[in-house]
Amino acid sequence: MTTHTPEELGCLVGGPARAAEVALARLIQSGLVRVSREGVLSAVHVPGRGPATPLEAQILNGLRHGRHLNDVVFTAFGSAEAEGLRAHLINRRLLRRRRSLRPRLYSWLFLLAPLLMVAGVLSAVAPELQREFVPQLPEFPFWYFFAAAAAMFVWASVLRARDPGRLRTRAGYVLLKRAERRVNPQDPVGAVAVRGLRGRIGGLAVAGMFGLSAVVVGTLPHRDTSSGSSCGGGCSSSSCGSDGGSDGGGGGCGGGGGD
């Protein structure tokens, strides 16, 4: 059963700019937005059809006069609707309000592990050095240091696996990975959420599914203008973002680990 919308997934993967790409892609798909050869977007009135989300409505209201793709995405990225989307993901415990400190912790643990290995080697081959430089330290068998180093490395690896991002919770990270496994060309809007308009699926350009040329899509930034992203990298100007389709560790509304 689907537990998220494409916009939510886009925000989770690549930040608010990605969520804006998703909203725009659905408007193009539904015929509510037209793209000229020059890459100018304009709204189209279709009886009986309208925007399905607040972010789509924000984009459509801004297209009464033609605008370029990058301008549309940038404006939507900083909108109140994008901030509301981020708040919704926080309430669903898919994002944190602020970056997790765990990635900083496991970085220090990875640094401490080799230092303990060195201490173990010195304790084995030159125990007198330990007594000379750290006389107050009790004498341990050298293998204690190797065991402690191994424990540090395992602990750091587990923390990194559980918290690979910074703003995503563990639930958000699991949802993201599940979506990455299921992305396919038969779901163009979902493909935008996971890969972005710049992305590709099986050799197919995602933008081409919506009639957007490489020149038009080339006006978008190579990297979402979110905070390391992910909504993955949160969904606000101080949130996250990631490269098209990668784990924004990072990016993004970004990234993993349980609270």
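Here is what the cut-offs are and how they apply
Position numbers for residues start from 1 in each chain and track the written sequence from start to end. pLDDT decides what is reported in this predicted model: residues at 70 or higher carry local features, side-chain atom pairs at 80 or more are listed and counted, and totals for whole chains, interfaces and linings draw on all residues regardless. To get the side-chain values, all heavy atoms of the structure are used, and hydrogens and water are removed first. Relative accessibility under 20% of the residue-type maximum defines a buried residue, over 50% an exposed one, and the middle range a partly exposed one, all with a 1.4 Å probe and only protein chains included. Each helix corresponds to a stretch of at least 4 residues labelled H or I by DSSP, and each strand to a stretch of at least 2 residues labelled E; elements are numbered beginning at the N terminus. Whether two residues are in contact is decided by their heavy atoms: any pair within 4.5 Å suffices. For every residue, the predictor states its confidence as a pLDDT score lying anywhere from 0 to 100. Whether two strands pair comes down to DSSP finding at least two bridges between them. In the sections that follow, a salt bridge refers to a side-chain nitrogen of Lys or Arg positioned within 4 Å of a carboxyl oxygen of Asp or Glu. Exposure above 30% relative accessible area and the lack of any salt bridge qualify a residue for a patch; like charges then connect within 9 Å, and the nonpolar side chains Val, Leu, Ile, Met, Phe, Trp and Tyr within 5 Å. The method behind every accessible area is Shrake-Rupley, applied with a 1.4 Å probe, and residues are considered shielded solely by the protein chains displayed. UniProt positions are given in the numbering used here, feature names are shortened, and annotations may be inferred rather than shown by experiment. Convention adopted: a line fitted to C-alpha atoms gives each axis, helices being fitted over their contacting stretch, and angles between N-to-C directions are expressed from 0 to 180 degrees. In what follows, roughly perpendicular refers to angles from 65 to 115 degrees, roughly parallel to angles under 35, roughly antiparallel to angles over 145, and oblique to any angle outside these ranges. If you view the pair so one helix is near and one far, a crossing is left-handed when the near helix is turned anticlockwise from the far one by less than a right angle, and right-handed when it is turned clockwise. Just so you know the grouping, Ala, Val, Leu, Ile, Met, Phe, Trp, Tyr, Cys and Pro go in nonpolar, Asp, Glu, Lys and Arg go in charged, and all remaining residues, Gly too, go in polar.

The chain carries the name TIGR04222 domain-containing protein in an unreviewed UniProt entry, which gives Lentzea albidocapillata as its organism.

Participant: Could you clarify how one ought to interpret helix H9 (residues 188–195) in this entry?
Facilitator: Within an α-helix, residues lying three or four positions from one another point in the same direction, as the helix has 3.6 residues per turn. In terms of burial, H9 is a largely internal element, seven of the eight residues being buried. Contacts made by the buried residues of H9 are with helix H1 (6–29), helix H8 (170–182) and strand S4 (200–201). Backbone geometry just after H9 places Gly196 at a positive phi near 85°.

Participant: How should I be thinking about the confidence of the model for the chain in this particular structure?
Facilitator: Caution is warranted with low-pLDDT regions, since their predicted coordinates should not be read in detail. Averaged over every residue, the pLDDT of the chain is 74; residues scoring 70 or more account for 70%. Across the chain, the secondary-structure element scoring lowest on mean pLDDT is helix H6 (residues 127–133), at 60, and the one scoring highest is H9, at 93. Long-range and interchain partners of residues 224–259, a stretch whose pLDDT sits below 50, account for 231 contacts in this model, where long-range means more than four residues apart.

Participant: Would you mind showing me how to read the sheet that holds strand S2 (residues 40–43) here?
Facilitator: Through backbone hydrogen bonds, the strands of a sheet pair up, either in parallel or in antiparallel fashion. Strand order in this open sheet of three strands is S1-S2-S3, and the pairing throughout is antiparallel. Bordering the open sheet on either side are strand S1 (33–35) and strand S3 (67–68), each of which pairs with just one other strand. Where S2 meets S3, two bridges bridge the pair, whose relative direction is antiparallel. When the sheet's bridge partners are listed, Leu41 is paired in S3 with Arg67.

Participant: Where do I start with the pattern of salt bridges in this structure?
Facilitator: Any two side chains of opposite charge can pair, given that their charged atoms come close. Going through the model one piece at a time under the given rule, you end up with five salt bridges. Linking Arg67 and Asp71 is a salt bridge whose minimum nitrogen-to-oxygen distance equals 3.1 Å. Two residues, Arg86 and Glu83, come together in a salt bridge whose shortest N-O distance is 3.8 Å. Placement of both Arg86 and Glu83 in helix H4 (residues 80–91) is noted, with a separation of three residues, approximately one turn of the helix. Among the residues examined, Arg86 registers a relative accessible area of 9% and is labelled buried. Using a relative accessible area of 33% as the deciding quantity, one classes Glu83 as partly exposed.

Participant: Got a minute to help me understand unusual backbone geometry in this structure?
Facilitator: A negative phi holds for most residues other than glycine; trans holds for most peptide bonds. Of note, Arg93 is a non-glycine position whose phi angle comes to about 60°, a positive value. You can see Arg93 is positioned in the loop between H4 and helix H5 (102–125).

Participant: Explain a nonpolar patch on the surface to me, please; I cannot follow it from the model alone.
Facilitator: Taken together, the side chains of Trp108, Leu111, Leu112 and Leu115 define a hydrophobic patch exposed on the protein surface, amounting to about 430 Å² of accessible area. With respect to the helices, strands and loops of the structure, Leu115 is situated in helix H5.

Participant: Any chance you could explain the environment of Arg64 here in plain terms?
Facilitator: Here Arg64 shows up in the loop between helix H2 (54–61) and S3. It is 6.4 Å that separates the C-alpha atoms of Arg64 and Ser42, two residues lying 22 residues apart in sequence.

Participant: I keep staring at the environment of Gly62 and nothing clicks. Help me out?
Facilitator: Considering the arrangement of structural elements, one finds Gly62 in the loop between H2 and S3. Since its relative accessible area comes to 22%, Gly62 is described here as partly exposed. Here the alpha-carbon distance between Gly62 and Ala76, two residues 14 residues apart in the chain, equals 9.2 Å.

Participant: Just to check I follow, could you spell out the UniProt feature "transmembrane region" (unreviewed entry) in the chain for this structure?
Facilitator: UniProt marks residues 105–126, 142–161 and 201–220 with the feature "transmembrane region" (unreviewed entry), using the numbering shown here. In the segment residues 201–220, helix accounts for 20% and strand for 15%; the C-alpha atoms at its two ends are 19 Å apart.

Participant: When you look at the packing of H2 against helix H3 (residues 69–77) in this model, what are you seeing that I'm missing?
Facilitator: Each pair of packed helices can be summarised by the angle the axes make with each other and by the distance between the axes. Orientation of H2 relative to H3, taken along the N-to-C sense of each, is 135°, at an axis distance of 10 Å. Taken as axis vectors, H2 and H3 run oblique relative to one another. Note that H2 runs across H3; the crossing there is right-handed. Of the residues in H3, those touching H2 at Leu55, Gln58 and Ile59 are Val72, Thr75 and Ala76. Looking at the contact of H2 with H3 residue by residue, the classes come out as four nonpolar, two polar and no charged.

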